[in-house]
Amino acid sequence: MAILYALVARGSVVLAEYSATSTNASAIARQILEKIPGNNDSNVSYSQDRYIFHVKRTDGLTVLCMADEVAGRRIPFAFLEEIHQRFVRTYGRAVLSAQAYAMNDEFSRVLSQQIEYYSSDPNADRINRLKGEMSQVRNVMIENIDKVLERGDRLELLVDKTANMQGNTFRFRKQARRFRSTVWWRNVKLTVALIFLLLVIIYVILAFVCHGLTLPTCLK
C-alpha cells in the first residue's frame, strides 16, 4: 500500500487521523507538526528509512501523510490536496476553533477511503496526470527528518510489514475479479453464438423437410 497514514491538523492540534497499518507514525507526525518552521503555506517532504512524510500546509491547515518511498511525490501530494479540499468543504470555518479530534469519528472514514483509492487504484494517478495540477510538486525537496527533529528526539519508525502484503492482496483480488468478468462475458458471447448457430441449423433442416414434403405435390 503506497500511503499508510494520514492526519489533518490545525497547528499542532490533530483534528482527524487514520492509519492503514500498525505503526508509530502518529507519534512521529506530532513531532513534525511541532517542529516544522514558519506559518506560511508550504509543501515539504521528510524521509525516514524507506518512508516519506509529506506535508501540505494551506491557510493554517496542515495535511500530512506517510507513504512508501516508491510512491514518489505526485500521488501523495494529490492525496493531500484532495483531503484538504474535502476537509475545508465539509467543515468550513469550524476548523479554526475545533478541539483535538473533533472531526475524527466522521473524517477518519474519509481518510481511510482516500488512502485505499490513492494507494490501489491506477486511475488516481492517471487523473492527476491529465489534470496537470501537480507540477509544483517537482520542486518539493525531500529532506531527511533529522533536519527537522533533533537526533535525540527522533523516534524509530515502526511499520507493520503486512501493510504492503495487504496492498498486494487487494490488487490481486481486483485483477482476479476483472479476469472472472472477462471470462464470464466470453462464455456469454460463446453461448449466444452457439444458440444462434443451432437456430440456423434447425431452420435449414425445417426448410429442407418442408421443401421435401411439398415437392411430391408439385410433381402431381
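Structural data are supplied above this passage.
Below, the structure is looked at part by part. Here the structure is a predicted model, which is why all the values come from computation and not from measurement.

1. Focus on the pattern of salt bridges
- Under the counting rule described, the total for this entry stands at 4 salt bridges.
- Among the ionic pairs, Glu17 bridges to Arg30, the shortest N-O distance being 3.3 Å. Residue Glu17 is located in strand 2 (residues 13-19), and its partner Arg30 is located in helix 1 (residues 25-35); the two are separated by 13 residues in the primary sequence.
- Taking relative accessible area as the criterion, Glu17 reaches 16% and is therefore assigned buried.

2. A closer look at unusual backbone geometry
- Unusually for a residue other than glycine, Asp59 sits at a positive phi of about 55°.
- Along the polypeptide, Asp59 turns up in the loop between strand 4 (51-58) and strand 5 (61-68).
- Residues other than glycine seldom take positive phi values, yet Tyr101 does so here, at roughly 65°.
- Note that Tyr101 resides in the loop between helix 2 (74-91) and helix 3 (104-120).
- Taking relative accessible area as the criterion, Tyr101 reaches 33% and is therefore assigned partly exposed.

3. Some details on a nonpolar patch on the surface
- Together, Leu190, Leu194, Leu197, Ile201, Ile205, Phe208 and Val209 make up an exposed nonpolar region whose accessible area comes to about 700 Å².
- On the secondary structure map, Leu197 appears in helix 5 (residues 162-219).

4. Structural notes on helix 2
- Taking 1.5 Å as the rise per residue, helix 2 with 18 residues should run 26 Å; its terminal C-alpha atoms sit 26 Å apart, in good agreement.
- For helix 2, every residue scored as buried is listed here: Ile75, Pro76, Phe77, Ala78, Phe79, Leu80, Glu82, Ile83, His84, Phe87 and Tyr91.
- Looking one or two residues past helix 2, Gly92 carries a phi angle of roughly 55°, positive in sign.

5. Here we look at the packing of aromatic side chains
- If you walk through the whole model with that rule in mind, you get 6 aromatic pairs.
- A centroid spacing of 4.9 Å and a plane angle of 55° characterise the contact between Phe87 and Tyr91, whose relative ring orientation is tilted. Note that Phe87 and Tyr91 are positioned in helix 2 at a spacing of 4 residues, about one turn of the helix.
- Tyr91 gets classed as buried once you look at its relative accessible area, which sits at 15%.
- Considering the side-chain rings of Tyr91 and Phe107, the 6.0 Å spacing of their centres and the 65° angle between planes classify their relative orientation as edge-to-face. Of the two residues, Tyr91 is situated in helix 2 and Phe107 in helix 3; the sequence distance between them amounts to 16 residues.
- Look at Phe107 and you get buried, because its relative accessible area is 1%.
- Three or more aromatic residues link up through ring pairs in this structure, and these residues are Phe79, Tyr117 and Tyr118.

What counts, and where the lines are drawn
- Residues numbered from 1 in each chain as written.
- Predicted model: local features only at pLDDT ≥ 70, side-chain atom pairs only at ≥ 80, totals over all residues.
- Heavy atoms only, no water.
- Salt bridge = Lys/Arg side-chain N within 4 Å of Asp/Glu carboxyl O.
- Helix = DSSP H or I, 4+ residues; strand = E, 2+ residues; numbered from the N terminus.
- Buried < 20%, exposed > 50% of the residue type's maximum accessible area, 1.4 Å probe, protein only.
- Patch = residues over 30% accessible without salt bridge, like charges linked within 9 Å, V, L, I, M, F, W, Y side chains within 5 Å.
- Areas by Shrake-Rupley, 256 points an atom, 1.4 Å probe, with all protein chains shown as cover.
- Expected span 1.5 Å × (residues − 1).
- Phe/Tyr/Trp six-rings, centres within 6.5 Å; stacked < 30°, edge-to-face > 60°.

In short, geometric facts, not functional conclusions.
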